[in-house]
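Overview (structure and organization)
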Amino acid sequence: AAQMHVAGVFNADPHPGNILVSTARMAAGSGGDGNGAGDDEAYDASVPVLLDFGLTKRLNHTQTVAFARLVHAAEESDIDGLLQSFDEMGLKLNRYDPFEDMAAMRRSFSDTVPASEAKAVGRKRRAQIKEQAA
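A quick note: this is a predicted structure, and the numbers were derived from the prediction, not measured. (Residues numbered from 1 in each chain as written. Predicted model: local features only at pLDDT ≥ 70, side-chain atom pairs only at ≥ 80, totals over all residues. Heavy atoms only, no water.)

**Examining the nonpolar core**
Counting residues in each nonpolar core, the largest one holds 7 residues, listed as L70, A73, A74, I79, L82, F86 and M102. Those elements giving two or more residues to this core turn out to be α2 (61–76) and α3 (79–89). When neighbours within four sequence positions are excluded, L70 is seen to be in contact with L82, S85, F86, M89, M105 and F109. (Core = buried A, V, L, I, M, F, W, Y, C linked by side-chain atoms within 4.5 Å. Buried < 20%, exposed > 50% of the residue type's maximum accessible area, 1.4 Å probe, protein only. Helix = DSSP H or I, 4+ residues; strand = E, 2+ residues; numbered from the N terminus. Contact = heavy atoms within 4.5 Å.)

See below:
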């Protein structure tokens, strides 16, 4: 969220293979926190290192708000909000099936589960959707 809402960057491929953690230790007197504090002791400068920016896009404010609307609409099963977010992002589809689009967005943003539990989770989700529709 901070990448997108603070830096204006969306990374569509943030899996663990694209994120490393640098654990290089800084030598005493090598800068510390930049204002002299801690310069006398070595400290762990664990810093995330992001790799593979092939599926990264810089978003302007309008696109960031539209993407936030898309995520919220998917969570709330709000078809009108989803279609509004598509329009605001300039997304043009060559078909019109907002219910299929909603199902795809909800799958994309859903939690992952072990394969052994996937069928039971799917049944539970379908039951919840039917209950909401009733």
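Let's pick the thread back up.
**Considering the pattern of salt bridges**
Pairing is possible between side chains that carry opposite charge, provided their charged atoms lie close to one another. Applying the stated rule across the entire model yields 1 salt bridge. Residue E88 pairs with R69 through a salt bridge whose shortest N-O separation is 2.8 Å. Residue E88 is found in helix α3, and its partner R69 is found in helix α2; the two are separated by 19 residues along the sequence. On the accessibility criterion, E88 (30% relative accessible area) is partly exposed. (Salt bridge = Lys/Arg side-chain N within 4 Å of Asp/Glu carboxyl O.)

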